[in-house]
Amino acid sequence: MNTKRIFVNLVISLVVCLIALQASAQETYYVQSVKAKVHSAPSFKASVLGEASRGTRLNSIGRSGSWLKVSYYGKDGYVAAILVSVSPPMAKHTMIKAGDADFQQGVRRRASTYTSAAAARGLAADDRRRLSGEDRLDYDGLERVEKYTISDAELTKFMEGGKI
Amino acid sequence: MRRASVLVFLLVLMSVAMPDAVMSADDQPWRQRVSAAPPEMTSDDVTEEIRFGREVAARLLGRYGLYANDPLTKYVNLVGQSLAAYSNRPELKYHFAVLNTSEINAYAAPGGYIFITKGAIDKMQDESELAGVIAHEMGHINGKHVVKELDIKATEGSAAAGLARLIGGGTESARIAFSKAVDKAMDTLFTTGYKREDEIEADKGSVMQCAVAGYDPAGLIRYFERISAAKGKSTEVLDKTHPAYDARIILLKDSITAAAIDTAALKTYKERFAEAMKTKK
């Protein structure tokens with residue numbers, strides 16, 4: 001291969017890298033939170049250009065610490081990076097329903113399964129007692145935790161600074 | 001010579017157009033986290049995470065018991081859901097509960113389960129402190145710290161896939177693998193602690209999470225300052241599994257400054273917290 005060809009290949013490679021890097025620099029992000037304020041500067045003290053709702057696409061044009069610099073209606077804006085992600089928001093995954101036949105079957109099996117797993121791991125009798133005591137499973141408590149809900153109206157009032 | 005000049009020009013152009021491309025990874029921690037993130041999660045992966053988290057949550061409840069106080073449970077859920085509205089994981093339904101122990105600590109299980117001990121709440125003086133602790137735990141879930149550490153996903157090779165086999169039958173070895181993965185998660189919570197960088201990420205995340213939700217992120221600093229003086233059995237697990245308070249306080253203060261947060265303009269809800277605490281037995 002002659003020198004000229006090597007040079008041409010190098011130039012082409014660099015140009016391709018440049019294009020690829022430029023493309024990756026303008027990544028698309030999606031708002032994951034209920035809403036995300038877009039500030040005029042990377043600061044909570046900066047004025048708010050607007051609020052983007054969940055699922056809004058934002059093109060990033062850089063970053064500054066915990067802030068993502070985005071293009072927002074023709075202006076440069078900043079959104080807290082924790083509120084966005086490169087993937088569109090996923091639908092809410094509901095918990096495994098306690099009435100689910102498979103789940104109930106699993107719970108019934110679990111006590112003996114767990115003990116056999118501990119035994120199979122070669123745990124001594126004292127360790128097995130520890131597992132059945134310290135690490136016992138409370139599915140009734142878990143079900144109470146999972147069933148607890150608060151209404152949207154109550155949450156909205158609370159978030160607005162209202163009393164409990 | 002001319003060709004070399006063209007090459008140099010292109011390299012300079014790249015560094016000007018893409019300054020980040022020529023920065024070291026250490027200069028851009030946020031970028032590091034994004035690039036280190038696992039490939040996009042599938043819906044099945046999320047389901048596996050929740051199933052795994054349920055097992056960890058059931059063990060936490062088995063160890064300490066649920067603190068049965070409806071008004072307090074409601075209050076903790078209101079604070080938690082206020083923060084969850086600004087979570088970057090809308091696919092999760094977050095659950096919040098109080099553990100019936102005087103130990104001072106809080107725990108997160110994958111899939112959205114967050115627990116705070118009664119002992120920890122006893123040490124708090126305003127709502128922003130509670131919000132700070134919850135936001136820190138939420139950071140562990142949103143950062144998928146246990147999920148990444150234990151490789152919890154829906155694929156065959158994952159330990160968590162053992163639960164599907166556990167429920168549907170499956171082999172003894174799959175059950176053991178799953179049980180061991182849950183053991184490891186419990187070890188992380190009670191013995192070894194999260195990786196230091198995960199704790200840092202959770203603390204930094206707490207600052208931003210509280211601020212976007214309207215809470216004073218300095219609440220977590222005040223809480224740390226108070227519990228750092230409470231040495232003894234009540235903080236044994238917390239001290240063993242977390243970095244030193246003074247280092248965490250410095251990090252929190254730096255994060256607040258870096259994000260230009262005016263803490264005085266944000267809420268502590270001291271009165272609302274005091275009102276809620278009246279319901280404690």
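Note that the coordinates shown come from a computational prediction; the quantities given were computed from them, not determined experimentally. (Residues numbered from 1 in each chain as written. Chains lettered and ligands numbered in written order. Predicted model: local features only at pLDDT ≥ 70, side-chain atom pairs only at ≥ 80, totals over all residues. Heavy atoms only, no water.)

Observations regarding the overall build of chain B
- Per the secondary structure count, chain B includes 14 helices and three strands.
- Of all 281 residues assigned to chain B, the portion counted as buried reaches 58%.
- Of the contacts made within chain B by residues no fewer than 6 positions apart, 74% connect residues no fewer than 24 positions apart.
- On chain B, roughly 11200 Å² of surface is accessible, and the fraction owed to carbon and sulfur atoms is 55%. (Helix = DSSP H or I, 4+ residues; strand = E, 2+ residues; numbered from the N terminus. Buried < 20%, exposed > 50% of the residue type's maximum accessible area, 1.4 Å probe, protein only. Contact = heavy atoms within 4.5 Å. Areas by Shrake-Rupley, 256 points an atom, 1.4 Å probe, with all protein chains shown as cover.)

A few points about the layout of surface pockets
- Roughly 1000 Å³ of volume is contained in the second largest pocket.
- Within the residue set of the lining of the second largest pocket, elements represented by two or more residues are β2 (35-39), β3 (48-53) and α5 (152-159) of chain A together with α4 (70-84), β1 (95-99) and α10 (196-213) of chain B.
- Of the residues assigned to the lining of the second largest pocket, the class counts are 28 nonpolar, eight polar and 12 charged. (1 Å grid on protein atoms, 1.4 Å probe; cavity = no way out; pocket = protein on both sides within 12 Å on 5 of 7 lines; lining within 4 Å. Points joined across faces, edges and corners; volume = space filled by probe spheres on them. Nonpolar A, V, L, I, M, F, W, Y, C, P; charged D, E, K, R; others polar.)

Let's talk about the nonpolar core
- Grouped together as the largest cluster of nonpolar side chains are 103 residues, with contacts concentrated most on Phe52(B), Val56(B), Val76(B), Val79(B), Phe115(B), Ile116(B) and Tyr223(B).
- For this core, the element with the most residues is helix α3 (residues 43-64) of chain B, which contributes nine residues.
- Formed jointly, this core draws a minimum of three residues from each of two domains, domain 1 (25-93) and domain 2 (101-159) of chain A.
- Among all residues touching Ile116(B), those that are not within four sequence positions of it are Val76(B), Ala97(B), Val98(B), Leu99(B), Asn105(B), Ala106(B), Ile121(B), Met124(B), Leu130(B) and Val133(B). (Core = buried A, V, L, I, M, F, W, Y, C linked by side-chain atoms within 4.5 Å. Domains from an automatic or database assignment.)

Regarding the sheet that holds strand β2 (residues 106-109) of chain B
Residues and elements named next belong to chain B.
- Strand order in the open sheet made by the three strands is β1-β3-β2, with mixed pairing throughout. On the outer flanks of this sheet lie β1 and β2, each paired with one strand and no other. On average, each strand axis in the sheet is tilted by 20° relative to the strand beside it, whichever way the strands run.
- Pairing of β2 with strand β3 (residues 113-117) involves four bridges; the strand directions are antiparallel. (Pairing = 2+ DSSP bridges. Axes fitted to C-alpha atoms, helices over the stretch in contact; angles between N-to-C directions.)

What about the packing of helix α4 (residues 139-147) of chain A against α3(B)?
- For the pair α4(A) and α3(B), interaxial distance at closest approach is 8 Å and the crossing angle is 115°. Comparing the axis directions of α4(A) and α3(B) gives the class roughly perpendicular. Crossing handedness for the pair α4(A) and α3(B): right-handed. Contacts from Tyr139(A), Gly141(A), Leu142(A), Val145(A) and Glu146(A) of α4(A) reach α3(B) at Arg54(B), Glu55(B), Ala57(B), Ala58(B) and Leu61(B).
- Split into classes, the residues belonging to the contact of α4(A) with α3(B) amount to six nonpolar, one polar and three charged. (Parallel < 35°, antiparallel > 145°, perpendicular 65-115°, else oblique. Left-handed = near helix turned anticlockwise from the far one by under 90°.)

A look at the side chain of Lys118(B)
Residue and element names in this part refer to chain B.
- Looking at the secondary structure, you find Lys118 in helix α5 (residues 118-122).
- A relative accessible area of 19% places Lys118 in the buried class.
- Setting aside its immediate chain neighbours within four residues, Lys118 contacts Tyr67, Val98, Leu99, Asn100 and Thr101.

What to know about the pattern of salt bridges
All names here are of chain B.
- In the structure shown here, the tally under the stated rule is 19 salt bridges over all chains.
- Note that Asp203 is salt-bridged to Arg248, the shortest N-O span being 2.9 Å. Of the two residues, Asp203 sits in helix α10 while Arg248 sits in helix α13 (residues 245-258), which places them 45 residues apart along the sequence. The pair Asp203 / Arg248 is uniform in exposure class, with both members buried.
- Between Lys233 and Glu236 there is a salt bridge; the shortest N-O distance is 3.7 Å. (Salt bridge = Lys/Arg side-chain N within 4 Å of Asp/Glu carboxyl O.)

Considering the packing of aromatic side chains
- Enumeration over the complete set of coordinates arrives at 12 aromatic pairs over all chains.
- When the ring of Phe44(A) is compared with that of Trp67(A), the centres are 4.8 Å apart and the planes differ by 65°; the resulting orientation is edge-to-face. Taken together, the residues Phe44(A) in the loop between β2 and β3 and Trp67(A) in strand β5 (residues 67-72) connect sequence positions 23 residues apart.
- Of the aromatic side chains, those joined through ring pairs into one cluster are Phe158(A), Tyr75(B) and Phe273(B).
- A cation sits over an aromatic face here: Arg63(B) above Phe190(B), 3.7 Å from the ring centre. (Phe/Tyr/Trp six-rings, centres within 6.5 Å; stacked < 30°, edge-to-face > 60°. Lys NZ or Arg CZ within 6 Å of the ring centre and 35° of its normal.)

Topic: helix α14 (residues 270-277) of chain B
- For α14(B), the set of buried residues is Arg272(B), Phe273(B), Ala276(B) and Met277(B). Down the axis of α14(B), the smallest arc covering the buried residues is 135°, so these residues share one side.
- Buried positions along α14(B) lie against α5 of chain A together with α4, α5 and α6 (127-142) of chain B. (Arc of directions from axis to C-beta.)

Observations concerning the environment of Ile104(B)
All names here are of chain B.
- When you line up the elements, Ile104 lands in the loop between β1 and β2.
- Exposure remark for Ile104: the relative accessible area of 2% places this residue in the buried category.
- The sequence separation of Ile104 and Ala120 amounts to 16 residues, and the corresponding C-alpha distance is 4.3 Å.
- Not counting residues up to four positions away in its chain, the partners in contact with Ile104 are Thr117, Gly119, Ala120, Lys123, Tyr223, Ile227, Ala230, Ser234, Thr235 and Leu238.

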